[in-house]
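# Secondary and tertiary structure notes
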Amino acid sequence: MALVVYNSLSRKKEVFTPINPPYVGMYVCGPTVSGESHLGHARPYITFDVVYRYLLHLGYKVRYVRNITDAGHFEEEGREAEDKISKKAQLERMEPMELVHKYTSLFHWAFRKFNTLEPSIEPTATGHIIEQISMIEDLIKKGYAYEVNGSVYFDVAKYAEGHDYGKLSGRVIEDLLETTRTLESQEEKKNKADFALWKAAPPKHIMRWKSPWGEGFPGWHIECSAMSTKYLGSYFDIHGGGMDLLFPHHESEIAQSTICNSHAPVKYWIHNNMITINGRKMGKSYNNVIRLTELFSGNHPLLTKAYSPMVIRFFILQTHYRSVLDFSNEALEGSEKGLRRLFEAFEILNSLPGGENREGTAKELDTKINSTLDELPTFLDDDFNTAKVLAAMFEIVPTINSLKEKIIPVDALSSKTIERLKNDFHVYLEEILGLKNEWEVTGAFKGVMNLLASIRKDARSKKDYYTSDKIRKELAELGIDMKDEKDGNVSWGLR
RNA sequence: GGUGUUGUAGCCAAAAGGUUCAGGCGCAGCUCUGCAAAAGCUGUUAUAUCGGUUCGAAUCCGAUCAACACCUCCA
């Protein structure tokens with residue numbers, strides 16, 4: 001079966017065929033580093049991390065570009081044009097670049113914890129002012145952009161004469177041009193639908209660059225066009241981002257690039273859906289933002305406890321990326337328990353003897369396990385259905401646990417199947433879904449714990465329940481649980 | 001007002017015209033057990049409402065209601 005992806009442009013699932021195999025170019029809109037990342041930001045970067053990992057798994061040579069928006073966009077024409085980043089910097093008495101650096105570091109820190117792979121290139125907007133300026137010059141030369149008072153705008157009406165502006169987002173160009181909204185500083189534009197490519201910087205504006213039109217700063221959409229073209233070429237495979245970027249951001253990107261390169265820039269547009277909280281999108285205006293630092297620490301009124309990055313990752317992957325994911329404390333608690341159950345089974349699996357070429361005694365079960373494993377790649381091929389992959393793995397968990405409890409005889413499965421289970425769990429859980437066992441303990445700590453476990457075992461066999469209970473009770477207070485197995489052995493684990 | 005999406009059991013959530021079924025969490029019962037925990041088994045079995053198409057619909061069509069998103073910085 002071939003990989004099929006949902007293309008926002010055609011609104012259909014399409015077979016994924018790279019433009020230039022085995023190479024795949026993927027661009028994902030990265031964070032604006034004017035503030036701390038929140039739970040909502042986790043979704044696209046985790047979603048596209050899995051896309052990246054799966055493409056690599058399939059053997060593609062992927063160049064994954066994810067930008068850092070550090071130029072500080074003006075807040076659009078509605079409000080007074082201003083630089084978000086420099087405004088915040090004044091409040092915090094920081095240099096804009098200092099602020100940008102702080103939040104970039106924080107972003108990297110959080111997403112390392114989420115176990116996302118680093119992109120191949122992580123270009124910054126401020127590092128590509130020259131590319132953006134030359135793209136704007138090209139647009140002016142071709143007659144699709146015009147300068148007014150040191151600002152440059154894209155002429156949407158002109159573009160719409162020969163192209164379909166609104167194709168990606170389902171907008172109707174007439175509606176966009178006829179919108180009755182009156183916005184400030186609109187008088188510079190020929191049409192209300194026009195968008196800024198370059199904005200003249202007001203005197204107090206700190207972030208500013210020289211340009212053919214005077215000092216100013218780039219418009220919002222041009223950076224992604226400039227950087228994606230530079231690093232992936234004028235026509236590349238995948239462009240990803242949140243659904244909220246469909247319009248106007250991605251629509252405008254298409255328009256700019258189409259004029260500069262004489263053809264559309266992207267083959268497959270992939271958009272992830274939003275995370276809602278109590279049915280509402282997370283956003284500053286709703287006052288319901290949970291920052292990642294608050295999530296990891298549990299320090300937030302909506303949270304009863306801290307949640308680890310892996311639990312969040314698992315929580316996100318339990319839902320298909322194009323569905324809305326509704327957040328609640330209860331749902332996260334469920335995810336935490338589920339993830340733990342999965343990894344405990346994986347640990348048990350790894351301790352099962354494989355080795356010698358043994359036939360399984362339970363043929364039917366053996367076949368069933370193998371056919372479940374056969375399905376895993378088909379789920380991912382179907383537009384990255386991580387939810388189904390996880391569900392299928394959960395279906396195998398009772399079998400693994402039963403093998404350990406000897407409810408099912410150890411030789412029920414063939415050694416080949418056991419080896420395959422070990423391998424597939426590793427590949428799907430760790431390599432593709434990027435999940436990690438956070439409760440795993442190694443080194444001296446592990447040795448000490450095993451020693452305590454064996455002391456408890458001895459004590460129990462002598463019916464010295466004072467000692468055995470003391471060990472269990474005091475470890476429990478430290479957050480370590482001891483469990484007695486059927487065979488008299490004692491196992492343990494971090495809570 | 002325009003555009004689009006969604007409505008699945010206590011909660012999260014998958015699937016999408018047809019046999020048994022998603023899956024996770026929770027809850028209940030049983031088994032195991034020095035106690036406990038875990039585990040296993042069983043149960044909790046749903047498709048917003050009203051019509052229509054069909055031999056058959058959660059799935060297709062229409063209407064209604066509700067919610068959400070985008071149209072403005074936003075993942």
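Quick look at the structure, then. Bear in mind that the values here come from a model prediction, so they are computed numbers and not experimental data.

Let us look at the packing of aromatic side chains. Each aromatic ring pair is described using two quantities: the centre-to-centre distance and the angle formed by the ring planes. One pass over the full model with this rule turns up 21 aromatic pairs. When the ring of Trp-198 is compared with that of Trp-213, the centres are 5.9 Å apart and the planes differ by 55°; the resulting orientation is tilted. Taken together, the residues Trp-198 in strand 7 (residues 195-200) and Trp-213 in the loop between strand 7 and strand 8 (216-218) connect sequence positions 15 residues apart. With respect to class, Trp-198 is no different from Trp-213; both count as buried. With a centroid separation of 6.4 Å and 85° between ring planes, the pair formed by Phe-315 and Phe-327 is classed as edge-to-face. Within this pair, whereas Phe-315 is found in helix 10 (residues 309-317), its partner Phe-327 is found in strand 13 (residues 325-327), the two being separated by twelve residues in sequence. Pair check on accessibility: Phe-315 and Phe-327 agree, each one buried. Among the aromatic residues, ring-to-ring pairing joins Tyr-45, Phe-107, Trp-109, Phe-111, Phe-114 and Phe-296 into one connected group. The cationic tip of Arg-66 hangs over the ring face of Tyr-45; the distance from NZ or CZ to the ring centre is 5.3 Å.

Let us look at empty space enclosed by the protein. In this structure the tally under the stated criterion is two cavities of 30 Å³ or more. In this model, the largest cavity occupies a volume close to 70 Å³. Around the largest cavity, the lining residues are Arg-43, Thr-47, Val-50, Val-51, Ile-316, Leu-317, Thr-319, Tyr-321, Phe-384 and Thr-386. Those elements giving two or more residues to the lining of the largest cavity turn out to be helix 1 (39-57) and helix 10.

Thresholds applied
- Residues numbered from 1 in each chain as written.
- Chains lettered and ligands numbered in written order.
- Predicted model: local features only at pLDDT ≥ 70, side-chain atom pairs only at ≥ 80, totals over all residues.
- Heavy atoms only, no water.
- Phe/Tyr/Trp six-rings, centres within 6.5 Å; stacked < 30°, edge-to-face > 60°.
- Helix = DSSP H or I, 4+ residues; strand = E, 2+ residues; numbered from the N terminus.
- Buried < 20%, exposed > 50% of the residue type's maximum accessible area, 1.4 Å probe, protein only.
- Lys NZ or Arg CZ within 6 Å of the ring centre and 35° of its normal.
- 1 Å grid on protein atoms, 1.4 Å probe; cavity = no way out; pocket = protein on both sides within 12 Å on 5 of 7 lines; lining within 4 Å.
- Points joined across faces, edges and corners; volume = space filled by probe spheres on them.

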